[in-house]
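Letter by letter, the chains look like this.
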Amino acid sequence: MVRALQIALLQVRIYLQDKGDLAFSLLLPIVTFALIYGAFGGQTQFHATAHIVNEDSGGTYSKILLEQLDALDELDVELLSLTEADRKLERADLLMVIVIPEDFSDGLVSGEQVQLLFKQRGNAGQEGQIVRALVQSVADDISLGLQVQEQVIAALVDGNTTIHQIETTVERLLDEERENPTVAVAEEAIGSSPDAVNQFLPGIITMYVLFAIMLTARTLVEERQLGTLERLLTTRLSVGQLFAGKFLAGISRGFIQTVILMVLSYAVFQIFTPLSFVSALLVALVFTGAASALGLVLASAVRTPDQATWAGVFITMAMVMISGTFFPIEEGSVMEILSRISINTYANDAFTTLIAEGGSMADLGLEMGVLAGVIVIGLLLSRYLFKAMPGGR
Amino acid sequence: MPEEYLVAQDLHKSFNEHKAVNGVSFAIHKGEIFGLLGPNGAGKTTTIRMLSTVLEPDQGDVTIGGHSMKREADAVRNLIGVCPQELALYVELGALDNLVFFGRMAGLSSQEAKEQAKTHLALVGLEERGKGRIDKFSGGMKRRVNLAVALMGHPELLFLDEPTVGIDPQSRNNIYETIEGLRDKGMTILYTTHYMEEADRLCDRIAIMDGGQIIALDTPHELKAQIGPPEQVTLEDVFLKLTGRSLRD
């Protein structure tokens, strides 16, 4: 075991000696985190832009509609001309544009039905549908206010009350109702929120860990080319110790990058509790072990650094693709069965359980068992391959 | 009768259909420098890889210091040091670090490894450069570190596979003197080279290989005497006469 640790330490020392490699590998997770932060703005609420063509320019109610939309925390409003909107929709720069028709204000005043036009590509996407619902809700609110006002005026206008008094009173009462609605909504948080960071972070972490496959796959080949592998094999170091050392080195390197990413996510997005953070570190450690063991299988089979790199890239990409890391996989589909081949699936499920669903280690029996099994089988298989390949021992 | 320290018996090794080594038998006496010469593809490196336990022979066995390589490979590894043809060093690390690391792999304690590393660096004239990174060293310095690494753990049998390739006369002379000094201290050495004058100077006995077999084995003087007066014949003359002048791949 001491020699295995010395092999691992040697690899770490070599890693630390190469300043370029070190800087790159440590900066990579930081840059990735910055990109996540940039993409999601560090915010956990929905936020989008409503692209609007206002053909009722100068109209009272189109102005009110725009003001109320702009006042929503979830929405920014961007005004476009109809030509510009059509061009952007045509080029798929936008998925949806809301057109306020020319007769919007006049129609509302005269009590006619007016129509907002949602011009969209396909179903406008998930974000488009949410924007549509928000706009619809604000428009309904304005419409409802107007209807109430008209009905109250119709009921009271023959008395001593002026139309202005009625309008003012109705508007005040509606504002009060908006502030203190009769049907209120309360929130009760169950677990952490499944926002964009929570959704994507598990996939990004698992992808990082998978780099360990390629890095470990190269390690034996590079030593073989240097001649140090053969030299090591003439010493008292056993092949088992050599593999254990390479395995530990693979884990340590992959784990360092993952920890950087996770610590930054913890600090900035507050997506972990202390317990779930420790649990996630444990999952990352076991998953890195599984990736390193697979890397050793490749390392025992390949003969050149290029073979190691491409085999590592292929397996990494295949694992990410079939695991549904970045796109949903339908339950019961062939893809779901295929996804069970990928170790990424189990790690992703484990991270999702901890990060997005507020689960604990007790919920991860299957995932941890599979990943631990991959470590054992990977190490045994790599040892067998090393012996079976030409010139092996 | 000199003591036989290494005995190779009927070694065979094939790669696919190619017979790299085909029935090689010889013995190396304790304390001698034994030269193994041959053109490219003669089977020298495959033979050394089998003798140093890296490759398992298809047939035959080797006994080193009384231990069978087939049955007691670990015991054999305790007795040998290997200086491969390649510069088998971790170039990102310093010379001293390389020596200490391989010393630890050879079973030395941390303290022993450090002490031996300093001694061996001094032996190859690099005691002042121990902390220098290998990738900043000249070719000659790297070759000397390569040799020093092979000495870690004080092996009884040293395999030197072309240890002087591509280096300046000063470094080559340092390596010659180091090797002669090791022999004087009783170390047994198997030496391969393409430089015939080097083999003539250093080796007590020489085996010439070709086509995976040993085609001649004797002292340099006796080998030369086979084709003419030893004073007028060079070892290169003998080598070319025995292996032919046709180019090898």
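Residues numbered from 1 in each chain as written. Chains lettered and ligands numbered in written order. Predicted model: local features only at pLDDT ≥ 70, side-chain atom pairs only at ≥ 80, totals over all residues. Heavy atoms only, no water.

### Section: the interface of chain A and chain B
Reasoning step 1: Chain A puts 22 residues into the contact, and the matching count from chain B is 29 residues.
Reasoning step 2: For the pair chain A and chain B, the two sides together bury roughly 2,500 Å², of which 57% comes from carbon and sulfur.
Reasoning step 3: The largest per-residue losses of area from chain A upon contact with chain B belong to A:Arg231, A:Thr234 and A:Arg236, which jointly make up 29% of the total buried on that side.
Reasoning step 4: Linking B:Asp97 and A:Arg13 is a salt bridge whose minimum nitrogen-to-oxygen distance equals 2.6 Å.
Reasoning step 5: Along the contact surface separating chain A from chain B lie ten residue pairs in polar contact (both at pLDDT 80 or more).
Reasoning step 6: Listing elements by their share of the side of chain A that touches chain B, those giving two or more residues are α1 (2-17), α8 (196-226) and α9 (228-233) of chain A.
Reasoning step 7: A total of eight residues in the side of chain A that touches chain B trace back to one element, the largest contributor, which is α1(A).
Reasoning step 8: Considered class by class, the residues forming the side of chain A that touches chain B number eight nonpolar, seven polar and seven charged. (Contact = heavy atoms within 4.5 Å. Buried area = accessible area lost by both parts, 1.4 Å probe. Salt bridge = Lys/Arg side-chain N within 4 Å of Asp/Glu carboxyl O. Polar contact = N/O pair within 3.5 Å; in protein donor to acceptor, adjacent residues only side chain to side chain. Helix = DSSP H or I, 4+ residues; strand = E, 2+ residues; numbered from the N terminus. Nonpolar A, V, L, I, M, F, W, Y, C, P; charged D, E, K, R; others polar.)

### Here we look at the domain arrangement of chain A
Reasoning step 1: Under the domain assignment, chain A is made up of domain 1 (2-41 + 193-385) and domain 2 (48-179).
Reasoning step 2: In this structure, domain 1 of chain A and domain 2 of chain A have C-alpha centres spaced 51 Å apart. (Domains from an automatic or database assignment.)

### Details of the pattern of salt bridges
Reasoning step 1: A full pass over the atoms with the stated rule returns 15 salt bridges over all chains.
Reasoning step 2: Its salt-bridge partner being A:Glu222, residue A:Arg218 comes within 2.8 Å of it at the nearest N-O pair. Remark: A:Glu222 and A:Arg218 occur in helix α8; sequence separation between them is four residues, near one turn of the helix.
Reasoning step 3: A relative accessible area of 24% means that A:Arg218 is categorised as partly exposed.
Reasoning step 4: For A:Glu222, a relative accessible area of 35% gives the class partly exposed.
Reasoning step 5: Two residues, B:Arg77 and B:Asp74, come together in a salt bridge whose shortest N-O distance is 2.7 Å. Remark: B:Asp74 and B:Arg77 occur in helix α2 (residues 73-77); sequence separation between them is three residues, near one turn of the helix. (Buried < 20%, exposed > 50% of the residue type's maximum accessible area, 1.4 Å probe, protein only.)

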